[in-house]
Amino acid sequence: MFPLGYPLLVSRAIFRGVLLRRCVRLQSGKSRSSSQNKWLDRQSNDHYTKEAKLQDFKSRAAFKLIEIDDKFQLFKRNQHQSILDLGFAPGAWSQVARMRSNENSVILGVDILACKPPKGVNSIQANILSKKTQEYIRWFFRDNFNLNRVDTLDKVKGFLHDDDNNITNNNSQDATSPENFENTVRSRYPVDVIVSDMYDISSPNTGYWNNLTNMPYYRLANTTGIKIKDHEQSIDLCDAALVTAIDLLKPGGAFVCKIYTGKSDADFKRRLRHVFNKVASFKPLASRQESKETYFVGLQKKANVDKLKVFTE
Ligand SMILES: C[S@@+](CC[C@H](N)C(=O)[O-])C[C@H]1O[C@@H](n2cnc3c(N)ncnc32)[C@H](O)[C@@H]1O
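Bear in mind that the values here come from a model prediction, so they are computed numbers and not experimental data.

Rules used throughout
- Residues numbered from 1 in each chain as written.
- Predicted model: local features only at pLDDT ≥ 70, side-chain atom pairs only at ≥ 80, totals over all residues.
- Heavy atoms only, no water.
- Helix = DSSP H or I, 4+ residues; strand = E, 2+ residues; numbered from the N terminus.
- Buried < 20%, exposed > 50% of the residue type's maximum accessible area, 1.4 Å probe, protein only.
- Areas by Shrake-Rupley, 256 points an atom, 1.4 Å probe, with all protein chains shown as cover.
- Near = heavy atom within 4 Å.
- Polar contact = N/O pair within 3.5 Å; in protein donor to acceptor, adjacent residues only side chain to side chain.
- Nonpolar A, V, L, I, M, F, W, Y, C, P; charged D, E, K, R; others polar.
- Pairing = 2+ DSSP bridges.
- Axes fitted to C-alpha atoms, helices over the stretch in contact; angles between N-to-C directions.
- Contact = heavy atoms within 4.5 Å.
- UniProt positions renumbered as here; feature names shortened; annotations may be inferred.
- Salt bridge = Lys/Arg side-chain N within 4 Å of Asp/Glu carboxyl O.

1. A closer look at the overall build of the protein chain
And step 1. If you tally the helices and strands in the protein chain, you get twelve helices and seven strands.
And step 2. For the protein chain, with 313 residues in total, the buried portion stands at 42%.
And step 3. Working note: accessible area of the protein chain is about 18,400 Å², and carbon and sulfur atoms make up 54% of it.

2. Structural notes on the site of the ligand
And step 1. Lining the immediate environment of the ligand, one finds 19 residues, of which Gly91, Trp93, Asp111, Asn127 and Asp197 sit closest.
And step 2. Contact between the ligand and Asp111: an oxygen atom at 2.7 Å from a side-chain N or O atom of the residue.
And step 3. A distance of 3.1 Å is found between a nitrogen atom of the ligand and a backbone nitrogen or oxygen belonging to Ile128.
And step 4. Surface burial for the ligand is 94%, taken as the share of its 600 Å² of free accessible area covered by protein chains.
And step 5. For the shell around the ligand, the per-class residue count stands at 13 nonpolar, three polar and three charged.

3. Examining the sheet that holds strand S5 (residues 249-260)
And step 1. The sheet built from seven strands is open, its strands ordered S3-S2-S1-S4-S5-S7-S6 with mixed pairing. Of all the strands in the sheet, just strand S3 (122-125) and strand S6 (276-282) have a single pairing partner and so form its edges. Sheet twist, expressed as the average angle between the axes of neighbouring strands with direction ignored, equals 15 degrees.
And step 2. Most of the contacts of helix H6 (residues 131-142) go to strand S2 (residues 106-111), to which it runs at about 165 degrees, and overall it touches strand S1 (82-86), S2, S3 and strand S4 (191-196).

4. Examining the UniProt feature "active site" (unreviewed entry) in the protein chain
And step 1. In the UniProt entry, the feature "active site" (unreviewed entry) is given for Lys258.
And step 2. You can see Lys258 is positioned in strand S5.
And step 3. The class of Lys258 is buried, set by a relative accessible area of 9%.

5. What to know about unusual backbone geometry
Both trends apply: most residues other than glycine have a negative phi, and most peptide bonds are in trans.
And step 1. A cis amide bond links Ala89 to the next residue, Pro90, at an omega of 5 degrees.
And step 2. Position of Pro90 relative to the elements: it lies in the loop between S1 and helix H5 (92-100).
And step 3. With a phi close to 65 degrees, Asp56 is a non-glycine residue in the positive phi region.
And step 4. Here Asp56 lies in the loop between helix H3 (47-54) and helix H4 (62-72).
And step 5. Positive phi, close to 50 degrees, is recorded for Asn304, a residue that is not glycine.

6. Topic: H4
And step 1. Of all the eleven residues making up H4, nine are buried; the element is thus mostly covered by neighbouring parts of the structure.
And step 2. Regarding H4, the residues found buried are Ala62, Phe63, Lys64, Leu65, Ile66, Glu67, Ile68, Asp69 and Phe72.
And step 3. Packed against the buried residues of H4 are H3, H5, S4, S5, S6 and strand S7 (293-301).
And step 4. In the stretch just after H4, Gln73 is the one whose phi turns positive, near 50 degrees.

7. Examining the pattern of salt bridges
And step 1. In this structure the tally under the stated criterion is 13 salt bridges.
And step 2. Notably, a salt bridge pairs Arg60 with Asp46, separated by 2.8 Å at the nearest N-O pair. Of this pair, Arg60 sits in the loop between H3 and H4 while Asp46 sits in the loop between helix H2 (34-45) and H3; the two residues are 14 residues apart in sequence, bridging distant segments of the chain.
And step 3. Note that Lys307 and Asp247 form a salt bridge whose closest N and O atoms lie 3.0 Å from each other. In this pair, Lys307 is assigned in helix H12 (residues 307-312) and Asp247 in helix H10 (residues 227-248), connecting sequence segments 60 residues apart.
And step 4. Lys307 sits in the partly exposed class, given a relative accessible area of 29%.
And step 5. Where salt bridges share partners, they join Lys64, Asp197, Lys258 and Glu293 into one cluster.

8. Considerations on the pairing of S7
And step 1. Most of S7 is tucked away: eight of the nine residues are buried.
And step 2. When S5 meets S7, the two strands line up antiparallel, connected through six bridges. Each residue of the ladder has a partner; that of Val256, found in S7, is Val297.
And step 3. Judged from the six bridges that link them, S6 and S7 form a sheet pairing that is antiparallel. Each bridged residue has a counterpart across the sheet, and for Ala280 the counterpart in S7 is Val297.

9. Here's the deal with the environment of Arg271
And step 1. You can see Arg271 is positioned in helix H11 (residues 265-275).
And step 2. Exposure remark for Arg271: the relative accessible area of 10% places this residue in the buried category.
And step 3. Considering only alpha carbons, one finds Arg271 and Lys309, 38 residues apart in sequence, at a separation of 8.8 Å.
And step 4. The contacts of Arg271, once residues within four sequence positions are left out, are Ile235, Asp239, Leu242, Val310 and Phe311.

10. What to know about the environment of Gln300
And step 1. In this fold, Gln300 is placed in strand S7.
And step 2. Sequence separation of Gln300 and Val275 is 25 residues, and the distance between their C-alpha atoms is 8.7 Å.

Here it is in structure tokens:
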């Protein structure tokens, strides 16, 4: 005969066994998927990841922009620049821009994620696919807001404030005066350099009910692994960055944009040639060989770019 408490003892023992197996699995890392393990191994052995930690960069992405800047000389030590970093989070590129530009240069990071910017960098949490975001960027650079001190841009401009009149007024000034001409160009095109490392992430579209209206998962930092989808999403963001460049980058300005390569690369390059005198593509050594990402660079922005022509011809 079994003692009375036997079933309780057995179930306790089974429960302990299950717990123990789980702990062992967690310690040995076996509960992670193989791709997670691969990613962790790669990160811990990666030279750039180690170096980023040593140099206090937010991520290894810093070294990609350093290589791009070494080759194309985007940032100037001897001149004030307005620099726009699209998709700045967690902030490694902004750190590089801060480090390599003049101390009076102004840097604005924009990201759809809320993220505290690195020291000496301003930031706006916004979606670049929204036209309103471009207005905020223009106001920020033109009116010299300092978002590090107070969130003045939000307080003064508010979401429904329409400030386009200022641009119209500036245009009606005597354009023959060199000073007025310079002011008009500055307020219309207040940015000297645009860098975009934006990358779309695929939304988890199964296994949950999305009960939100602002789609917080509609921005990602990883590829889906579905090559065509990754490429097309990347082209959308590149086009958004290019529209921002057409609308806000000063003539002569420089542009860098990450692209996840695919069949529409040539079309995008053609659009870039409408906007810039010099166009190049560049894969930094810090960009993993197996990654489909590469960078397009546009130098010497042309004056009077016709947006319609860029996207229709
Ligand atoms: C690869 S990460 C950028 C890394 C960054 N350059 C750095 O050095 O730390 C890509 C970023 O693009 C942002 N992003 C993606 N879609 C966006 C959008 N529509 N508007 C603004 N940012 C976006 C993501 O939130 C993500 O933070």
